[in-house]
Amino acid sequence: MRATGYAVLVTREPGGVPLGERIRDLVLSPDGGPIHPTAELLLFIAARAQHVSERIRPALDAGQVVVCDRFTDATLAYQGGGRAVPRDLLERLNEAATGGLRPDRTYLLDVDVATGVARAGGRAGQKRDRIESEDTEFFESVRRRYLELAAEDPERIVLLRGTDSREDLARQMLVDALTLLRSRDIQPSRTST
């Protein structure tokens, strides 16, 4: 996207800002012991509120395209599907944390749970984080919820086969994102972070 002239902020959740990164370390640490599902949810929501306020909203206000690795759908899938937290609570907290900000597009890379777990465990030099260490049933519930979300909102959530090569996935996402931006008459600005 940057090569085509768009100003792009690439960020992640949890994280993206100093407080969010500290919360990320806290909530994902495999050494921290169990965390109650409500406590986990509130930590993720706190990180998101700070991230939106400090980084995402200012970037959008400056005319940048924001690419975020995970956002509100992740909460609906992980805490809703995996932790069985009621959806209405998740939606209210997401709304409070984001001030109503919703992604224009979400790319859902779908793979079966066994493949996803193998990929998470196969990162060189890294041990699995607390969530990556969950059991198969947890991840089946998360995947099921993601697929439900995609079925509910197919205009926003683009379902991609996570078994495609990285190059093919990147190309598909870029073509779609550029098409979306152009359809909304959002022009390149030649600045990025």
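Our structure is the block above this text.
Residues numbered from 1 in each chain as written. Predicted model: local features only at pLDDT ≥ 70, side-chain atom pairs only at ≥ 80, totals over all residues. Heavy atoms only, no water.

1. Topic: the pairing of strand E3 (residues 106–110)
A one-sided burial pattern is seen for E3, the buried positions being Thr-106, Leu-108 and Asp-110 and the unburied ones Tyr-107 and Leu-109. The sheet contact formed by E3 and strand E4 (residues 157–161) spans five bridges and is parallel. When the sheet's bridge partners are listed, Leu-108 is paired in E4 with Leu-159. (Buried < 20%, exposed > 50% of the residue type's maximum accessible area, 1.4 Å probe, protein only. Helix = DSSP H or I, 4+ residues; strand = E, 2+ residues; numbered from the N terminus. Pairing = 2+ DSSP bridges.)

2. With respect to the pattern of salt bridges
Evaluation of the coordinates by the stated rule reveals 17 salt bridges. Here Arg-105 makes a salt bridge to Asp-176, at a shortest N to O gap of 2.6 Å. With Arg-105 in the loop between helix H4 (87–98) and E3 and Asp-176 in helix H7 (residues 166–183), the pair connects residues that are 71 residues apart, well separated along the chain. Its salt-bridge partner being Arg-156, residue Asp-153 comes within 2.9 Å of it at the nearest N-O pair. Residue classification places Arg-156 among the buried residues on the basis of a relative accessible area of 8%. (Salt bridge = Lys/Arg side-chain N within 4 Å of Asp/Glu carboxyl O.)

3. Observations regarding the packing of helix H2 (residues 37–61) against helix H3 (residues 72–82)
Direction vectors running N to C along H2 and H3 enclose 175°, while the axes themselves pass 11 Å from each other. It follows from the interaxial angle that H2 and H3 lie roughly antiparallel. Judged by residue contacts, Glu-40, Leu-41, Phe-44, Ile-45 and Arg-48 of H2 engage Thr-72, Thr-75 and Gln-79 from H3. (Axes fitted to C-alpha atoms, helices over the stretch in contact; angles between N-to-C directions. Parallel < 35°, antiparallel > 145°, perpendicular 65-115°, else oblique. Contact = heavy atoms within 4.5 Å.)

4. Things to note about H4
The end-to-end C-alpha distance of H4, which contains twelve residues, comes to 16 Å, matching closely the 16 Å that a straight helix rising 1.5 Å per residue would cover. For H4, the secondary structure elements touched by its buried residues are H2 and H3. Downstream of H4 by a residue or two, Gly-99 has a phi angle that is positive, lying close to 65°. (Expected span 1.5 Å × (residues − 1).)

5. Considering the nonpolar core
Of all hydrophobic cores here, the largest spans 23 residues; its most connected members are Leu-41, Tyr-78, Ile-131, Phe-138, Val-142 and Tyr-146. Those elements that provide at least two residues to this core are helix H1 (18–28), H2, H3, H4 and helix H6 (136–152). If one sorts the elements of this core by residue count, H6 sits on top with six residues. Each residue touching Tyr-146, except ones within four places of it in the same chain, is listed here: Arg-70, Asp-73, Ala-74, Ala-77, Tyr-78 and Leu-108. (Core = buried A, V, L, I, M, F, W, Y, C linked by side-chain atoms within 4.5 Å.)

6. Observations regarding H6
With 17 residues, H6 extends 24 Å between its outermost C-alpha atoms, agreeing within 8% with the 24 Å of an ideal straight helix rising 1.5 Å per residue. Along H6, the residues classified as buried are Phe-138, Phe-139, Ser-141, Val-142, Tyr-146, Leu-149 and Ala-150.

7. Remarks on the environment of Thr-115
If you trace the backbone, Thr-115 turns up in helix H5 (residues 113–121). Considering only alpha carbons, one finds Thr-115 and Thr-163, 48 residues apart in sequence, at a separation of 8.8 Å.

8. Re the side chain of Thr-11
Relative to the helices and strands, Thr-11 resides in strand E1 (residues 8–12). Polar contacts involving the side chain of Thr-11 include one to the side chain of His-51, which spans 2.7 Å. What Thr-11 contacts, discounting residues up to four positions off in sequence, is Gly-16, His-51, Arg-55, Ile-56, Val-66, Val-67, Cys-68 and Asp-69. (Polar contact = N/O pair within 3.5 Å; in protein donor to acceptor, adjacent residues only side chain to side chain.)

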